[in-house]
Amino acid sequence: ASDSGGKTAKAEGGMPTPKPPTPKPSRGWLALCNNLIIAAILLYAVVVAYNFKSILWPDFGEVDPARAHTNVFKEGDMLRARIWVDPQAFPSNVPPLLEFEFKYHWDEFRTVSRKVNASITQEQLSRDRNLILSTEVVHPPSKTVVRAKGGLVKSVAPQELAAKYRLLKGEVCPVPPEPSFGKPKHIGKGIPKMEVRLVFDTTAYPPPYA
């Protein structure tokens, strides 16, 4: 109670009346956000650990030993091969450079060879564009398609050449710069000959490489 002067009355014993505690603002949402962030970090760590384990110890799945290394191509089967030389591998809108059929037989196989004048510009090399030799072999009985590709220009480190001088003036002959390609300070060199072989691979690859 208060008197006319506005002073607060004291309870018996001379002690002031305690005031109720002031409620503090709730921080539940902040704690919830912290818990969610910690849970997300732990989940990401579990995913990374699982992927790392799958790289170190790949799972090849259940493979029947009798069928693990069975060759789909039988001796004497006819195969059809197509070869392209183009900036794009296996172009669908470009006719193949070479298309022929051959028998899957070691003794009766005959080598098929073609000469190709493949040219590439300095602008294409500066943009790391390459000419691709792509090959496709089709096995009609099983409808199996085998593909392979490779670049006709490779990136190599330039060799140090001895300086050449003019005999009368003693001046160094200017050497035009080699076309750069691939890695920094590397140049492009054309491969004079490429060979395509059909190989029966018995390696068991894990998915998705199988």
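Computed from a predicted structure; not experimentally measured.

Rules and cut-offs
Residues numbered from 1 in each chain as written. Predicted model: local features only at pLDDT ≥ 70, side-chain atom pairs only at ≥ 80, totals over all residues. Heavy atoms only, no water. Helix = DSSP H or I, 4+ residues; strand = E, 2+ residues; numbered from the N terminus. Buried < 20%, exposed > 50% of the residue type's maximum accessible area, 1.4 Å probe, protein only. Contact = heavy atoms within 4.5 Å. Areas by Shrake-Rupley, 256 points an atom, 1.4 Å probe, with all protein chains shown as cover. 1 Å grid on protein atoms, 1.4 Å probe; cavity = no way out; pocket = protein on both sides within 12 Å on 5 of 7 lines; lining within 4 Å. Points joined across faces, edges and corners; volume = space filled by probe spheres on them. Nonpolar A, V, L, I, M, F, W, Y, C, P; charged D, E, K, R; others polar. Core = buried A, V, L, I, M, F, W, Y, C linked by side-chain atoms within 4.5 Å. Pairing = 2+ DSSP bridges. Axes fitted to C-alpha atoms, helices over the stretch in contact; angles between N-to-C directions. Salt bridge = Lys/Arg side-chain N within 4 Å of Asp/Glu carboxyl O. Patch = residues over 30% accessible without salt bridge, like charges linked within 9 Å, V, L, I, M, F, W, Y side chains within 5 Å. Phe/Tyr/Trp six-rings, centres within 6.5 Å; stacked < 30°, edge-to-face > 60°. Lys NZ or Arg CZ within 6 Å of the ring centre and 35° of its normal.

K.L.:
What is the right way to look at the overall build of the chain in this model?
P.N.:
A count of helical and extended segments in the chain gives 2 helices and 6 strands. When each of the 210 residues of the chain is scored for burial, the buried share is 15%. Long-range contacts, defined as pairs at least 24 residues apart, comprise 58% of the intrachain contacts of the chain with a sequence gap of at least 6. When the accessible surface of the chain is split by element, carbon and sulfur atoms take 58% of a total near 18,300 Å².

K.L.:
Sorry, what's going on with the layout of surface pockets here?
P.N.:
The gaps of empty space that remain are located by a probe, the size of a water molecule, rolled over the atoms. Of the voids in this model, the largest pocket is the one considered here, and its volume is about 1,600 Å³. V112, M194, E195, V196 and R197 are, among the 46 residues lining the largest pocket, the residues nearest its centre. Of the residues contributing to the lining of the largest pocket, the split by class is 28 nonpolar, 7 polar and 11 charged.

K.L.:
Help me understand the nonpolar core, please; the structure alone is not making it clear to me.
P.N.:
A general feature of soluble globular proteins is that nonpolar side chains tend to end up buried together. Counting 11 residues, the largest nonpolar core is built from F73, L79, A81, I83, L98, F100, F102, L131, L133, V137 and L152. Counting only elements with at least two residues in this core, the list comes to β1 (78–86), β2 (98–103) and β3 (132–139). Excluding anything up to four places from it in sequence, L79 contacts F73, F100, E101, F102, Y104, V137, V138, H139 and L198.

K.L.:
Please explain the sheet that holds strand β4 (residues 144–151) as it appears in this structure.
P.N.:
Strand pairing within a sheet occurs via backbone hydrogen bonds; the two strands may be parallel or antiparallel. The 4 strands are arranged β2-β1-β3-β4 in an open sheet whose pairing can be described as antiparallel. Each edge of the open sheet carries a strand with a single partner, namely β2 and β4. Ignoring which end each strand starts from, the neighbouring axes of this sheet average 20 degrees apart. In terms of strand pairing, β1 meets β2 through 6 bridges, oriented antiparallel. Looking at the pairing, L79 lines up with F102 of β2.

K.L.:
So what exactly am I meant to see when it comes to the pattern of salt bridges here?
P.N.:
Opposite charge on two side chains permits them to pair, given that their charged atoms come into close proximity. Throughout the structure, instances matching the rule amount to 4 salt bridges. Between K103 and E108 there is a salt bridge, and its shortest N-O distance comes to 3.1 Å. A relative accessible area of 44% means that E108 is categorised as partly exposed. Note that E136 and R147 form a salt bridge whose closest N and O atoms lie 2.9 Å from each other. Of this pair, E136 sits in strand β3 while R147 sits in strand β4, and the two are 11 residues apart along the sequence. Relative accessible area serves as the criterion here: at 5%, E136 is assigned to the buried category. Taken together, the shared-partner salt bridges connect R82, E136 and R147 into one network.

K.L.:
Quick question: what am I supposed to make of the environment of R114 here?
P.N.:
Relative to the elements of secondary structure, R114 occurs in the loop between β2 and α2 (122–126). We classify R114 as exposed; its relative accessible area is 53%. Between the alpha carbons of R114 and L98 there is a distance of 8.1 Å; along the sequence they are 16 residues apart.

K.L.:
I keep staring at a nonpolar patch on the surface and nothing clicks. Help me out?
P.N.:
Among the surface-exposed residues, F52, L56 and W57 lie close enough to one another that they form a single nonpolar patch of about 380 Å² accessible area. Within the fold, F52 resides in helix α1 (residues 28–56).

K.L.:
Would you mind showing me how to read the packing of aromatic side chains here?
P.N.:
According to the stated counting rule, one finds 4 aromatic pairs in the structure shown. Aromatic pair F73 and Y104: ring centres 5.6 Å apart, planes at 80 degrees, arrangement edge-to-face. Of this pair, F73 sits in the loop between α1 and β1 while Y104 sits in the loop between β2 and α2, and the two are 31 residues apart along the sequence. Overall, Y104 belongs to the partly exposed group, its relative accessible area being 22%. Note on F100 and F102: the rings are 5.9 Å apart at their centroids and 45 degrees apart in plane angle, and the pair reads as tilted. Here F102 falls in the buried class, since its relative accessible area comes to 12%. By way of ring pairs, the aromatic residues F100, F102 and F109 are connected into one cluster. A cation sits over an aromatic face here: R147 above F90, 4.4 Å from the ring centre.

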